[in-house]
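What the coordinates show
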Amino acid sequence: MNVRRLFLIFVPYLWLLALFLVPFLIVLKIALSDGALAIPPYIPTLDFSNGWEGIKTFFAGLDMENFIFLTEDELYWRAYLSSLQIAAISTAITLLVGYPIAYGMAKAPDEWRPTLMMLVILPFWTSFLIRVYSWMGILSQEGFLNQFLLWTGIINDPLTILNTNTAVYIGIVYTYLPFMILPIYAAIEKLDESLLEAAEDLGCSRMQAFWLVTIPLSKSGIIAGCFLVFIPALGEFVIPSVLGGSKTLMIGKVLWEEFFSNRDWPVASAVAVILLLILVIPIILFQRNEQKQRESEG
């Protein structure tokens, strides 16, 4: 039993080491390097070939030049703040849209739930890029949305939606909506209906019972859904690049430009390290929430 338990613990930690810690250390090493016109475009300041002397030399001459540069150039901290704002607003909108859908799925007859679940998951059967690019045809001035609004007479001139932050919000909400719906649906589906009946017997209306019973008991699903949307949305690159305009500033776009346009790998790596440290906070909170949930269920 002890061997089996150690094996079960070892496998996820090995996975974490191989796919998270090692890549992070590589990126951190590049972030502490100096830029150069070479291939690859940086000069490592940490040289393991010199053994312990190389390590001592590295720490003796350690400077945080690339990280200091991020604080001096307003482009980077503005990109971080803009990404946090867009991710937070997108998460709030996704919650407002996803909760009623999840609630309706959980309250639907049992024979309809697998079909509704399939409809939520169905977009994942199509390429992510195709789904994002399709919104260009929908949101452009000659696109389906404007043509429909003009045909119904709601508007007289086409709306400018594409290449704006509004298009980015639409793209993020559409893309990550299933990640909000599924954990909330799982939480609501497990609710004991007798609690709602007891609340109504004690004088609560259906709306009061919903706010006092359903919402608090589905809190774990809400928290999980918000984290599952906020974390990837914060570092999103494809959606702001395709649907957002030149004024749409997100750290994912800045990271791409530093790596592939400016070829400044040390600065780009520093940007990635800071972004990862920002993401560690909600990840730790998410893990603690999951642990508390497991302990309460146990």
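Residues numbered from 1 in each chain as written. Predicted model: local features only at pLDDT ≥ 70, side-chain atom pairs only at ≥ 80, totals over all residues. Heavy atoms only, no water.

Per an unreviewed UniProt entry, the protein chain goes by ABC transporter permease subunit and derives from Pseudohalocynthiibacter aestuariivivens. The UniProt entry for the protein chain carries this comment under Subcellular location (unreviewed entry): "Cell membrane". Per its UniProt entry, the protein chain bears the Sequence similarities (unreviewed entry) comment "Belongs to the binding-protein-dependent transport system permease family. CysTW subfamily." (UniProt positions renumbered as here; feature names shortened; annotations may be inferred.)

On to unusual backbone geometry. Phi at Asn163 takes a positive value of approximately 65°, unusual for a residue other than glycine. Positionally, Asn163 belongs in the loop between helix 7 (144–152) and helix 8 (165–189). For Asn163, a relative accessible area of 47% puts it in the partly exposed group. A positive phi angle, near 55°, is found at Arg263, a position not held by glycine. (Helix = DSSP H or I, 4+ residues; strand = E, 2+ residues; numbered from the N terminus. Buried < 20%, exposed > 50% of the residue type's maximum accessible area, 1.4 Å probe, protein only.)

Before going further, it helps to spend a moment on the nonpolar core. Residues Leu70, Ile172, Ile184, Ile239, Leu243, Ile251 and Val271 are the most contacted members of the largest nonpolar core, which totals 54 residues. Examining the composition of this core, we find that eleven residues originate from one element, helix 8, more than from any other. Lining this core are residues from two domains, each supplying at least three of them: domain 1 (18–63) and domain 2 (73–297). (Core = buried A, V, L, I, M, F, W, Y, C linked by side-chain atoms within 4.5 Å. Domains from an automatic or database assignment.)

Moving on: the side chain of Thr248. Following the sequence through the fold, Thr248 ends up in the loop between helix 12 (238–243) and helix 13 (251–261). The class for Thr248 is buried, based on a relative accessible area of 3%. When residues no more than four places from it in sequence are discounted, the contact partners of Thr248 are Thr164, Asn165, Val168, Pro240 and Lys253. (Contact = heavy atoms within 4.5 Å.)

Once that is clear, we can look at the UniProt feature "domain: ABC transmembrane type-1" (unreviewed entry) in the protein chain. The sites that carry the UniProt feature "domain: ABC transmembrane type-1" (unreviewed entry) are, in the present numbering, residues 80–286. In residues 80–286, the share of helix is 77% and the share of strand is 0%. The end C-alpha atoms are 21 Å apart.

Here the focus is the domain arrangement of the protein chain. Under the domain assignment, the protein chain is made up of domain 1 (18–63) and domain 2 (73–297). Taken together, the contact pairs 13 residues of domain 1 with eight residues of domain 2. Each partner contributes to the roughly 860 Å² buried at the junction of domain 1 and domain 2, and carbon and sulfur atoms together form 83% of this total. Applying the counting criterion to the domain 1 and domain 2 interface returns zero residue pairs in polar contact (both at pLDDT 80 or more). When residues of the side of domain 1 that touches domain 2 are traced back to their parent elements, those giving at least two are helix 1 (2–31) and strand 1 (34–35). Per-element tally for the side of domain 1 that touches domain 2: the top contributor is helix 1, with six residues. (Buried area = accessible area lost by both parts, 1.4 Å probe. Polar contact = N/O pair within 3.5 Å; in protein donor to acceptor, adjacent residues only side chain to side chain.)

Summarising the element assignment, Val280 is placed in helix 14 (residues 265–297). Owing to a relative accessible area of 28%, Val280 belongs among the partly exposed residues under this scheme. Sequence spacing of Val280 and Ile89 is 191 residues, and the spatial spacing of their C-alpha atoms is 20 Å.

Our focus in this paragraph is the UniProt feature "transmembrane region" (unreviewed entry) in the protein chain. UniProt records the feature "transmembrane region" (unreviewed entry) at residues 7–32, 79–103, 115–136, 167–188, 209–234 and 265–286, using the numbering of this structure. Measuring from the first to the last C-alpha atom of residues 79–103 gives 35 Å, for a span that is 100% helix and 0% strand. Between the end C-alpha atoms of residues 167–188 the distance is 31 Å, and the span holds 100% helix and 0% strand.

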